[in-house]
Amino acid sequence: QAQLVESGGGLVQPGGSLRLSCAASGFPFSSYAMGWFRQAPGKEREFVAAISWGAINTFYADSAKGRFTISRDNAKTTVYLQMNSLKPEDTAVYYCAAGRSMRPLGDSRAYDYWGQGTQVTVSS
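Undergrad: How would you explain the sheet that holds strand β3 (residues 18–25) if you had to name every residue and give the values?
TA: If you trace the four strands from one edge of the open sheet to the other, you get β1-β3-β8-β7, paired in antiparallel fashion. Edge strands, defined here as strands with exactly one partner in the open sheet, are β1 (3–7) and β7 (68–73). Each strand axis lies, on average, 15° off the axis of its neighbour in the sheet, ignoring direction. Pairing analysis gives five bridges linking β1 to β3, with the strands arranged antiparallel. Its bridge partner being in β3, V5 is matched across the sheet by A23.

Here's what the structure looks like:
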């Protein structure tokens, strides 16, 4: 049974940093692209970042470029999202996802498995 478990969320001041982790199990992690999405209250879920199965390619939403970095450790079956220079508008529940679809990785339909999410709150 596939499982994705996010961790690392919390409360941080504007300008601060957080590192999210997503531990995967129950499926061949190294064969799956991984993505991070987020959903703020009252808003639709939106793409944040993605990484190909071999970590050759990474993709970022415009809002994440230059501030967030996605990485993966296939040996640990874990994907990370390093978030720097956080802003209040980054406040959301962050979800990791795994997929093998041919759809663009910014499309939520590209993903087969989803975690339960971790809350990130950026506030002074």
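That shown, we press on.
Undergrad: Give me the state of the cysteines: which residues, what numbers.
TA: Summed over all chains, the structure comprises one disulfide. Two residues, C22 and C96, share a disulfide whose sulfurs are 1.9 Å apart. Handedness here is read from the sign of the S-S torsion; for C22 and C96, about 40°, the answer is right-handed. One end of the pair, C22, is in strand β3; the other, C96, is in strand β9 (residues 92–99), and 74 residues separate them in sequence. Per residue, the accessibility class of C22 equals that of C96, and both read buried.

Undergrad: Summarise the packing of aromatic side chains; cite the residues concerned and give the values.
TA: Under the definition given, this model contains eight aromatic pairs. For the pair F37 and F47, a centre-to-centre distance of 5.6 Å together with 70° between the ring planes defines the contact as edge-to-face. Placement of the pair is F37 in strand β4 (residues 33–39) and F47 in strand β5 (residues 46–51), with a sequence separation of ten residues. Take F37 and F47: they sit in the same class, and that class is buried. By way of ring pairs, the aromatic residues F27, F29, Y32 and Y113 are connected into one cluster.

Undergrad: Let's hear about the pattern of salt bridges: which residues, and what values?
TA: By the definition in use, this model includes five salt bridges. For D62, the salt bridge is made with K65, and the minimal N-O distance between the two is 3.2 Å. For D62, a relative accessible area of 66% corresponds to the exposed category. Taking the shortest distance from any N to any O, the salt bridge between R109 and D107 comes out at 2.9 Å. You can call R109 exposed: its relative accessible area is 56%. Given a relative accessible area of 17%, D107 falls into the buried group. Each of R38, E46, R67 and D90 takes part in salt bridges that share partners, so that together they form one network.

Undergrad: Tell me what's going on with the nonpolar core, and back it up with residues and numbers.
TA: Among the nonpolar cores identified, the biggest contains 28 residues, and W36, V79, L81, M83 and Y94 are the most heavily contacted of them. At the level of secondary structure, the elements contributing two or more residues to this core comprise β3, β4, β5, β7, β8 (78–83), β9 and β11 (118–122). Apart from residues no more than four positions distant in its own chain, V79 is found in contact with L20, S21, C22, F29, M34, W36, I51, I70, S71, R72 and C96. Counting residues in hydrophobic clusters, the runner-up holds nine residues, among them F37, A97, A110 and Y111.

Rules used throughout
- Residues numbered from 1 in each chain as written.
- Predicted model: local features only at pLDDT ≥ 70, side-chain atom pairs only at ≥ 80, totals over all residues.
- Heavy atoms only, no water.
- Pairing = 2+ DSSP bridges.
- Helix = DSSP H or I, 4+ residues; strand = E, 2+ residues; numbered from the N terminus.
- Axes fitted to C-alpha atoms, helices over the stretch in contact; angles between N-to-C directions.
- Disulfide = S-S within 2.5 Å.
- Buried < 20%, exposed > 50% of the residue type's maximum accessible area, 1.4 Å probe, protein only.
- Phe/Tyr/Trp six-rings, centres within 6.5 Å; stacked < 30°, edge-to-face > 60°.
- Salt bridge = Lys/Arg side-chain N within 4 Å of Asp/Glu carboxyl O.
- Core = buried A, V, L, I, M, F, W, Y, C linked by side-chain atoms within 4.5 Å.
- Contact = heavy atoms within 4.5 Å.

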